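What the coordinates show
What follows is each chain in one-letter form.
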Amino acid sequence: KQLSARGIVSVVFATLPFAFEGEARQRNSRGVASMLSGVANASFLIPLDTLAAGCEEMESAMRLGLDPLASAVTMFWRIIETPGYIRLDVESMRRIVQSAGRGRFAACTIRGPNRVKRLMKELTTTPLLTDGTNPVRSILCGILAGDDLRLAEISEIADGLKTGFGGEKCEFELATVNDEKTFSGSLCVVAM
């Protein structure tokens, strides 16, 4: 509450423990999640059980838990720090985050042919976005790509996210970040 009173917007990304870690850890994480929702403007809690479904090795499961977190945090920073052709100003991001509450997000990186079609399939089926009971009020979409990003691809991603999650009443904000060295030939989309 003190941060909000000073005009500081807070965003929290965290993982929730595996079910096999025991009831005590589950109870502690629920308590912390409840506490976070009272102080953070936006909180994104990732259940490791959901992410690791189908994983056999612990290393793979942990990577699946940390990669989306790293992508989301990085995208937030890069949208402001190194904007691309479509910019999202700080005030628009602040407005979205300020009233986000408990949110959902997913991050996908796709390379090769038919990348938007494959990316949209992955985004619209990921349990991180589809596993929610509350309606989506706003979508913040960040697209990280090389110079080969096409207008039709941006349009297809925006339309797919609005149709798949938001509907007509959902607020939609989009920004691009250009990184030719790292993302030439690929798309990375973080949708929240």
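Above: the structure in question.
In this structure the tally under the stated criterion is two aromatic pairs. Ring plane angle 15° and centroid distance 4.9 Å describe the contact between Phe-13 and Phe-44, whose orientation is recorded as stacked. Here Phe-44 lies in strand β2 (residues 42–47) and Phe-13 lies in strand β1 (residues 11–16), a separation of 31 residues in the sequence. An angle of 10° between the planes, with centres 4.8 Å apart, marks the rings of Phe-18 and Phe-20 as stacked. Overall, Phe-18 belongs to the buried group, its relative accessible area being 5%.

Right, let's get into the nonpolar core. In this structure, Leu-119, Leu-123, Cys-141, Ile-143, Ile-157, Leu-161 and Leu-187 are the most contacted members of the largest nonpolar core, which totals 46 residues. Per element, the largest residue contribution to this core is six residues, and it comes from strand β5 (residues 138–145). Apart from residues no more than four positions distant in its own chain, Leu-187 is found in contact with Cys-108, Thr-109, Ile-110, Arg-115, Val-116, Leu-119, Ile-143, Leu-144, Ala-145, Leu-149 and Ile-157.

Our focus in this paragraph is helix α8 (residues 151–166). Its 16 residues give α8 an end-to-end C-alpha distance of 21 Å, which sits within 8% of 22 Å, the value for a rise of 1.5 Å per residue. Among all positions in α8, only Glu-153, Ile-154, Ile-157, Ala-158, Leu-161, Phe-165 and Gly-166 are buried. Relative to the axis of α8, the buried residues are bounded by an arc of 130° and lie together on one face. Residues of α8 that are exposed and point over 90 degrees away from its buried face: Leu-151, Ala-152 and Thr-163.

Scanning the entire structure with this criterion turns up six salt bridges. In this structure, Glu-23 and Arg-30 form a salt bridge, with 2.6 Å as the shortest nitrogen-oxygen distance. By relative accessible area, Glu-23 is classed as partly exposed at 44%. Bridged by salt links that share partners, the residues Glu-23, Arg-27 and Arg-30 form one connected network.

Together, Phe-20, Met-58 and Met-62 line one region of the surface with nonpolar side chains, adding up to about 330 Å² of accessible area. The residue Met-62 is located in helix α4 (residues 58–81) in this model. Accessibility expressed as a relative area gives 31% for Met-62, which makes it partly exposed.

With respect to the element layout, Ser-29 can be found in helix α2 (residues 23–39). A polar contact is formed between the side chain of Ser-29 and the backbone oxygen of Gln-26, at a distance of 2.8 Å. Setting aside chain neighbours within four positions, we find Ser-29 in contact with Leu-16 and Pro-17.

With that out of the way, let us pick up the packing of helix α6 (residues 115–125) against α8. Here α6 crosses α8 at 20°, and the two axes come no closer than 10 Å. Taken together, the axes of α6 and α8 lie roughly parallel to each other. Note on packing geometry: the crossing formed by α6 with α8 is right-handed. Residue-level inspection shows Arg-115, Val-116, Lys-117, Leu-119, Met-120, Leu-123 and Thr-124 of α6 in contact with α8, the latter providing Glu-153, Glu-156, Ile-157, Gly-160, Leu-161 and Phe-165. Residue composition of the contact of α6 with α8, grouped by class: seven nonpolar, two polar and four charged.

What counts and how
Residues numbered from 1 in each chain as written. Predicted model: local features only at pLDDT ≥ 70, side-chain atom pairs only at ≥ 80, totals over all residues. Heavy atoms only, no water. Phe/Tyr/Trp six-rings, centres within 6.5 Å; stacked < 30°, edge-to-face > 60°. Helix = DSSP H or I, 4+ residues; strand = E, 2+ residues; numbered from the N terminus. Buried < 20%, exposed > 50% of the residue type's maximum accessible area, 1.4 Å probe, protein only. Core = buried A, V, L, I, M, F, W, Y, C linked by side-chain atoms within 4.5 Å. Contact = heavy atoms within 4.5 Å. Expected span 1.5 Å × (residues − 1). Arc of directions from axis to C-beta. Salt bridge = Lys/Arg side-chain N within 4 Å of Asp/Glu carboxyl O. Patch = residues over 30% accessible without salt bridge, like charges linked within 9 Å, V, L, I, M, F, W, Y side chains within 5 Å. Areas by Shrake-Rupley, 256 points an atom, 1.4 Å probe, with all protein chains shown as cover. Polar contact = N/O pair within 3.5 Å; in protein donor to acceptor, adjacent residues only side chain to side chain. Axes fitted to C-alpha atoms, helices over the stretch in contact; angles between N-to-C directions. Parallel < 35°, antiparallel > 145°, perpendicular 65-115°, else oblique. Left-handed = near helix turned anticlockwise from the far one by under 90°. Nonpolar A, V, L, I, M, F, W, Y, C, P; charged D, E, K, R; others polar.

By themselves these figures say nothing about function.
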